[in-house]
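Here are the chains, one letter per residue:
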Amino acid sequence: QVQLVESGGGLAQAGGSLRLSCGVSGRTFSSYAMGWFRQAPGKEREFVAAIRWSGGTTYYADSVKGRFTISRDNAKNTVYLQMNSLKPEDTAVYYCAVDRNYVGRHYATGAYEYWGQGTQVTVSS
């Protein structure tokens, strides 16, 4: 069983920063990836960023490239999402997720087997 716990959401002004954390406990997998997704009210859940645990290759949605940074701490089994230059359109519930057998579909919600409970990020203009 894998459990994910997110933290770090909250309220920020446009142009500000927040850092999200996602701690992973339980089973680990040799070739997994972790991703961040977000879902705004009335919209579908969308890919934000992902990182392969082995090697650390990162992937980003075009909408956040250059503003968000995903990273990991192997010793703490934690993944982070540093969000800078926030915009009101970044407002959403942010979820972290585990893809236990990465095969290249880091952008697809269906590739991820385990999900956190979500953390709200609100950006005011």
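Structure first, text after, so check above.
Conventions and cut-offs
Residues numbered from 1 in each chain as written. Predicted model: local features only at pLDDT ≥ 70, side-chain atom pairs only at ≥ 80, totals over all residues. Heavy atoms only, no water. Phe/Tyr/Trp six-rings, centres within 6.5 Å; stacked < 30°, edge-to-face > 60°. Helix = DSSP H or I, 4+ residues; strand = E, 2+ residues; numbered from the N terminus. Buried < 20%, exposed > 50% of the residue type's maximum accessible area, 1.4 Å probe, protein only. Lys NZ or Arg CZ within 6 Å of the ring centre and 35° of its normal. Pairing = 2+ DSSP bridges. Axes fitted to C-alpha atoms, helices over the stretch in contact; angles between N-to-C directions. Core = buried A, V, L, I, M, F, W, Y, C linked by side-chain atoms within 4.5 Å.

Trainee: Help me out: how do you make sense of the packing of aromatic side chains in this one?
Mentor: Each aromatic ring pair is described using two quantities: the centre-to-centre distance and the angle formed by the ring planes. A full pass over the atoms with the stated rule returns 7 aromatic pairs. Summarising the aromatic geometry, the rings of Y32 and W53 are spaced 5.4 Å apart at their centres and angled 15° between planes, so their arrangement reads as stacked. Of this pair, Y32 sits in the loop between strand 3 (18-26) and strand 4 (33-39) while W53 sits in the loop between strand 5 (46-52) and strand 6 (58-60), and the two are 21 residues apart along the sequence. Judged on exposure class, the residue Y32 and its partner W53 are both buried. An aromatic cluster is present here, built from F37, F47, Y95, Y112 and W115 joined pairwise through their rings. The positively charged end of R45 is found above the aromatic ring belonging to W115, 4.9 Å away from the centroid.

Trainee: What should I look at first to understand the sheet that holds strand 1 (residues 2-7) in this one?
Mentor: Sheets are built from strands paired through backbone hydrogen bonds, the pairs being either parallel or antiparallel. Read from one edge of the open sheet, 4 strands run 1-3-8-7, paired in antiparallel fashion. Edge positions in the sheet fall to strand 1 and strand 7 (68-73), since each of these pairs with one other strand and no more. Direction aside, the axes of adjacent strands within the sheet are offset by 15° on average. Strand direction decides the pairing type here: strand 7 and strand 8 (residues 78-83), joined by 6 bridges, are antiparallel. Its bridge partner lying in strand 8, S71 is registered against Y80.

Trainee: For this particular structure, what's the right way to read the nonpolar core?
Mentor: It is characteristic of soluble globular proteins that their nonpolar side chains tend to be buried jointly. Formed by 37 residues in total, the largest nonpolar core has its most connected members in L4, M34, W36, L81, M83 and Y94. Secondary-structure elements contributing two or more residues to this core are strand 1, strand 3, strand 4, strand 5, strand 7, strand 8, strand 9 (92-99) and strand 11 (119-124).

Trainee: Help me understand the pairing of strand 3 in this model?
Mentor: The side chains of a regular strand alternate, first on one face of the sheet and then on the other. Relative to strand 3, strand 1 runs antiparallel, the two being bridged by 6 bridges. What sits directly across from V2, in strand 3, is G26. Pairing of strand 3 with strand 8 involves 6 bridges; the strand directions are antiparallel. In the strand pairing of strand 8, G23 is matched with T78.

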